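Below are the chains, spelled out letter by letter.
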Amino acid sequence: MKPTAKGQFVGWMGLTLTVPENWDLVHVKGNRFDGYLRFEEDGVLRCEIQWTLVSAGRVVLDEQVDHYLKSLEQMLSKQGKPVSIKRNVHLVSRRQVKRNVRDFSWEAGTVGYGMMWFCEECRRALVAQVVGYEHEPVKEWARQVFLSLSDHAESDWETWSLYGLRFEAPVGWNLSKSELVPGKIRLLFRQGEYEFAIARYGPASVLLKGKTMEEFAVEALGKEVLQRFVVHYRLEQLHGHEGMVMVGKDKGSSNPLRIFLRRLRTGNPFPQFRGALWECNHSNRLYLATAAIAPEHEPLWERLVQSVRCHEEG
Ligand SMILES: [Zn+2]
Ligand SMILES: [Zn+2]
């Protein structure tokens, strides 16, 4: 489902979904093959999604569901409340979600609705659950969340979105590092020796106090980048905001010996540094995209920077 203005759109490892605005994403774990997302509201579990790669063999979904529900029942009954589990609760139809799903619900003091499915295309088995109290519209929440769920991108670009940072990244570049701390989100992607990163910092008004944009950029890029590349900075409007474009050359690319050694080792050209930094005054954040890429990646870079949504339009 396409993201709507209402609700919080989350995209991670090819998975996308929309959950209510006030559900906080408190756990982001794992990778493309094995991972977990957990949302809570005021410390109470609201929704969790788990996926695992099933690389070979046939998946008998009903057996998986049996297995899963058995362990769920054991876990719930430890809490000392009577447990009742129902299967095939017709939460969503196969036609609606366009995949072969099994759904279930349980009651044990709290109420949960769940859905399990296997995607032939990305070869992932997934379980999603929405949890609440009896007096809450848990079934309706579950229906909304499950209908919004997509487990892989339909094109060769996929949407990444969390904590308000949203952009598209090309499939095939792997997330190799993520920093998710208050005031800073940074996701780094790699393919071979090339890489790019998208980062968001805030609040901009505090970070830019007594500092120029270039000074902030120098700090954010860090020693590693500046030791490797000669970087030029140019003020430029980006996404309708004040910003700065950075272009850098690998220091080794003007050293005949380094060029010679690199040719022996790899046929690849030296990576070039690209950067884009802008201050979004609507969201009071700073956005920084950086890359060390080959000249052939230029269109990819352009699209990547364009895809970053720094504030909601209109
Ligand atoms: Zn899939
Ligand atoms: Zn903006």
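Treat the numbers as computed from the prediction; the structure is a model and nothing was measured.

Cut-offs used in this document
Residues numbered from 1 in each chain as written. Chains lettered and ligands numbered in written order. Predicted model: local features only at pLDDT ≥ 70, side-chain atom pairs only at ≥ 80, totals over all residues. Helix = DSSP H or I, 4+ residues; strand = E, 2+ residues; numbered from the N terminus. Buried ≥ 20, exposed ≤ 12 C-beta atoms within 10 Å, placed from the backbone. Contact = placed C-beta atoms within 7 Å. Core = buried A, V, L, I, M, F, W, Y, C linked by C-beta atoms within 7 Å. Domains from an automatic or database assignment. Pairing = 2+ DSSP bridges. Axes fitted to C-alpha atoms, helices over the stretch in contact; angles between N-to-C directions. pLDDT = per-residue confidence, 0-100.

Visitor: Please provide a residue-by-residue account of the overall build of the chain, values included.
Guide: Check the secondary structure of the chain and you find seven helices and 18 strands. Counting only residues that meet the buried cut, the chain has 32% of its 314 residues in that class. Pairs at least 24 apart in sequence give 46% of the contacts found in the chain among residues at least 6 apart.

Visitor: Any details on the nonpolar core? Residues and values, ideally.
Guide: One finds Met115, Val145, Phe146, Tyr287 and Ala289 to be the most contacted residues of the largest nonpolar core, which totals 67 residues. For this core, the element with the highest residue contribution is strand β18 (residues 285-293), accounting for seven residues. Residues from two domains meet in this core; each of domain 1 (8-148) and domain 2 (164-307) gives at least three. With sequence-adjacent residues up to four places away left out, phenylalanine 146 is seen in contact with Leu91, Val92, Val97, Met115 and Ala128.

Visitor: Before we move on, can you summarise the pairing of strand β14 (residues 194-201) with the specific residues and values?
Guide: Bridge count between strand β13 (residues 184-191) and β14: eight bridges; the pairing is antiparallel. Counterpart to phenylalanine 189 in the pairing with β14 is phenylalanine 196. Joining the antiparallel neighbours β13 and β14 is a turn of two residues, in which glycine 192 adopts a positive phi near 60°. Of the pairings in the sheet, the one linking β14 to β18 comprises seven bridges and is antiparallel in character. The residue of β18 that forms the bridge with glutamate 195 is alanine 292.

Visitor: Break down the domain arrangement of the chain for me, citing the residues and quoting the values.
Guide: Structurally, the chain comprises domain 1 (8-148) and domain 2 (164-307). For domain 1 and domain 2, the distance between their C-alpha centres works out to 36 Å.

Visitor: Any chance you could break down the sheet that holds strand β4 (residues 34-41) for me, citing the residues and the numbers?
Guide: Across the sheet, seven strands lie side by side as β3-β4-β5-β9-β8-β7-β6; this open sheet has antiparallel pairing. Edge strands, defined here as strands with exactly one partner in the open sheet, are β3 (24-30) and β6 (84-87). When strand polarity is set aside, the average angle formed by the axes of neighbouring strands in this sheet is 15°. Of the strand pairs in this sheet, strand β5 (residues 44-53) and strand β9 (residues 124-132) are connected by seven bridges, and their pairing is antiparallel. By the bridge assignment for β9, threonine 52 is matched with alanine 125. Its contacts with the sheet put helix α3 (residues 138-148) on β5, β8 (110-119) and β9, and the angle it makes with β9 is roughly 150°.

Visitor: Lay out the sheet that holds strand β12 (residues 174-181) in plain terms, naming residues and giving numbers.
Guide: Judged by pairing direction, the sheet is antiparallel, and its seven strands sit side by side in the order β12-β13-β14-β18-β17-β16-β15 without closing on themselves. Because the sheet does not close on itself, it has two edges, and the strands there are β12 and β15 (229-238). When the angles between neighbouring strand axes are averaged without regard to direction, this sheet yields 10°. Of the strands in this sheet, β14, β17 (272-280) and β18 touch helix α7 (residues 298-307), which is tilted by about 165° from β18.

Visitor: So, the confidence of the model for the chain: which residues are in play, and what are the values?
Guide: The predicted model of the chain has a mean per-residue pLDDT of 92, with 98% of residues at 70 or higher. Here residues 1-5 is modelled with pLDDT under 50, and outside its nearest four sequence neighbours on either side it reaches seven contacts, counting other chains as well.

Visitor: So, the pairing of strand β10 (residues 157-162): which residues are in play, and what are the values?
Guide: One ladder, built from six bridges, connects β10 with strand β11 (residues 165-170); its direction is antiparallel. If you follow tryptophan 157 over to β11, its bridge partner there is proline 170. Between β10 and β11, which pair antiparallel one after the other, the connecting turn spans two residues, and tyrosine 163 there sits at a positive phi close to 50°.

Visitor: How would you sum up unusual backbone geometry? Please name residues and give values.
Guide: Glycine 202 connects to proline 203 through a cis peptide bond whose omega is -10°. At methionine 13, a position not held by glycine, the phi torsion is positive, near 55°. If you trace the backbone, methionine 13 turns up in the loop between β1 (8-12) and β2 (15-19). Positive phi, close to 50°, is recorded for histidine 239, a residue that is not glycine. Examined against the element boundaries, histidine 239 turns out to sit in the loop between β15 and β16 (241-250).

Visitor: Residue-level account of the environment of serine 77, with values.
Guide: Looking at the element boundaries, serine 77 is found in helix α1 (residues 61-77). A tally of 12 C-beta atoms within 10 Å means that serine 77 is categorised as exposed.

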